[in-house]
Amino acid sequence: MTAFLSLDGVRRSFGDVTALDGVSLDVAEGEFFALLGPSGCGKTTLLRILAGFETPDSGTVTLAGEDLTRVPAHQRPVNLMFQSYALFPHLSVEKNIAYGLHREGLPKAEITQRVGEVLERVGLAPAAKRRPHQLSGGQRQRVALARAIVKRPRLLLLDEPLSALDRKVRAEMQLWLKQLQHEVGITFVVVTHDQEEAMSMADRIAVLHQGAVEQVDSPVALYGAPRTWFVADFIGGNNFFSGTATEAGLSSEALGQLPGTTSDQSAVSVGEPAVLAVRPEQITLNDGDSVLSGTVLDVSFYGGTSRIAVEVPGHGTPVLVHRHGAPVVVPQQAVDLSWGTADAVLVPPSSATAASAAA
Ligand SMILES: Nc1ncnc2c1ncn2[C@@H]1O[C@H](COP(=O)(O)OP(=O)(O)OP(=O)(O)O)[C@@H](O)[C@H]1O
């Protein structure tokens with residue numbers, strides 16, 4: 001991959017809080033890249049450093065071969081779309097969009113043409129004369145995006161772009177945002193704490209934890225081959241079992257041999273302490289094999305999927321199983337659980353996992 005945007009060893013502390021602890025990342029041109037992590041992991045600080053609103057204590061930021069680390073925000077070919085959208089309430093949609101171009105002193109005819117094009121692109125041409133308060137949340141969000149892309153930045157930064165929208169509109173906008181990015185070809189870096197949002201939109205995701213990058217990968221690779229316990233826990237649901245890594249999975253004192261595999265990049269060696277992560281949808285019930293036996297505690301039907309909690313003697317937390325369609329088991333029923341070697345991943349243990357797996 002040829003890097004378009006590169007961060008190299010970026011550090012930033014606020015007093016004794018280390019917000020970024022040596023972050024290195026490469027983003028390709030035209031990529032839709034997500035920075036994902038829980039509150040306080042440093043994603044906003046990283047975005048502000050990319051925008052030029054914050055200076056790293058050390059490390060560099062390079063865009064298209066140019067060192068941007070000391071370049072002021074207004075001289076960067078970068079635009080940041082704020083979470084709050086920050087639209088001017090007294091200006092019409094088209095004037096909100098044109099505002100930045102007027103400030104750049106572009107000729108009127110060019111402004112009219114560019115604003116017209118962008119209004120069409122975001123589907124807001126019929127609403128051009130309206131004020132922000134006459135728009136829905138989704139439409140306001142489109143105005144904010146139109147205002148950002150009309151300036152034709154090389155890099156567009158989006159801070160939790162969909163967080164103000166309700167669930168249904170958000171799902172529509174995720175699709176729309178991805179299509180828009182594809183059409184305009186601008187490199188997007190989006191910050192989100194919502195893993196589903198990152199997974200549904202981004203080409204690649206950097207998972208941040210306590211100011212450091214845990215893993216950078218495609219959504220499918222993050223889900224299927226997490227390298228660390230944190231990633232396995234943060235991306236989707238997982239059942240965790242702790243024990244010792246073996247050639248064919250995990251050896252657990254209480255549960256015996258559990259099948260699993262080591263992901264290519266994870267740092268787990270045979271004979272060492274490890275945690276086995278098993279996705280609820282990879283576990284089958286009563287299919288003739290038995291890796292674990294237990295008793296059904298609870299069954300819930302979510303329309304399309306059933307979620308079954310199974311109590312397994314020797315394991316402190318219920319094992320969760322998802323299956324398509326209506327439930328085929330009932331509470332108190334004895335069940336056999338099974339999964340294949342390729343369906344579960346070994347990751348290095350962490351103190352938090354060891355505690356919850358043994359609880
Ligand atoms: N200006 C500041 N002064 C002091 N501490 C700060 C400042 N900005 C950020 N921090 C601290 O740095 C850490 C990372 O903050 P940051 O805002 O980057 O996290 P985040 O992942 O974006 O979180 P959130 O999702 O809650 O916005 C936090 O512990 C935060 O309290």
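Reading the values: the criteria
Residues numbered from 1 in each chain as written. Predicted model: local features only at pLDDT ≥ 70, side-chain atom pairs only at ≥ 80, totals over all residues. UniProt positions renumbered as here; feature names shortened; annotations may be inferred. Near = placed C-beta within 6 Å. Helix = DSSP H or I, 4+ residues; strand = E, 2+ residues; numbered from the N terminus. Nonpolar A, V, L, I, M, F, W, Y, C, P; charged D, E, K, R; others polar. Core = buried A, V, L, I, M, F, W, Y, C linked by C-beta atoms within 7 Å. Buried ≥ 20, exposed ≤ 12 C-beta atoms within 10 Å, placed from the backbone. Domains from an automatic or database assignment. Contact = placed C-beta atoms within 7 Å. Pairing = 2+ DSSP bridges. Right-handed = clockwise from strand over helix to strand, strands pointing away.

As recorded by an unreviewed UniProt entry, the protein carries the name Spermidine/putrescine import ATP-binding protein PotA and is attributed to Actinoplanes lutulentus. Within the UniProt record for the protein, the comment given under Subunit (unreviewed entry) is "The complex is composed of two ATP-binding proteins (PotA), two transmembrane proteins (PotB and PotC) and a solute-binding protein (PotD)." Under the UniProt heading Catalytic activity (unreviewed entry), the entry covering the protein gives this text: "ATP + H2O + polyamine-[polyamine-binding protein]Side 1 = ADP + phosphate + polyamineSide 2 + [polyamine-binding protein]Side 1."

**Let's talk about the site of the ligand**
In the vicinity of the ligand, the contacting residues are Phe14, Val17, Ala19, Gly37, Ser39, Gly40, Cys41, Gly42, Lys43, Thr44, Thr45 and His193. Elements represented by at least two residues in the shell around the ligand include exactly β2 (17–27) and α1 (43–51). Ranked by residue count, the leading element in the shell around the ligand is α1, at three residues. Of the residues belonging to the shell around the ligand, the class tally is four nonpolar, seven polar and one charged.

**A few points about the nonpolar core**
Of all hydrophobic cores here, the largest spans 96 residues; its most connected members are Ala146, Leu157, Val189 and Leu276. No other element matches helix α4 (residues 137–149), which puts six residues into this core. Lining this core are residues from two domains, each supplying at least three of them: domain 1 (5–223) and domain 2 (225–358). Setting aside residues no more than four positions away along its own chain, Ala146 makes contact with Ile97, Val118, Leu119, Val122 and Leu124.

**Regarding the environment of Glu196**
Positionally, Glu196 belongs in helix α6 (residues 195–201). For Glu196, a count of 14 C-beta atoms within 10 Å puts it in the partly exposed group. Each C-alpha atom of the pair Glu196 and Asp289 lies 32 Å from the other, and the pair is 93 residues apart in sequence.

**Quick look at the pairing of strand β8 (residues 187–192)**
With respect to burial, β8 is a largely interior element, six of its six residues being buried. The side-chain alternation of β8 yields two buried faces, one formed by Thr187, Val189 and Val191 and the other by Phe188, Val190 and Thr192. Two strands pair when backbone bridges link them, and strand β3 (residues 32–36) and β8 are joined in this way by five bridges, in the parallel orientation. Following the sheet pairing, Leu36 is matched in β8 by Thr192. Bridge analysis of strand β7 (residues 155–159) against β8 gives five bridges, and the strand direction is parallel. Paired with Leu158 across the two strands is Val190, which belongs to β8. In this fold, the crossover linking β7 to β8 by way of helix α5 (residues 167–184) has right-handed handedness.

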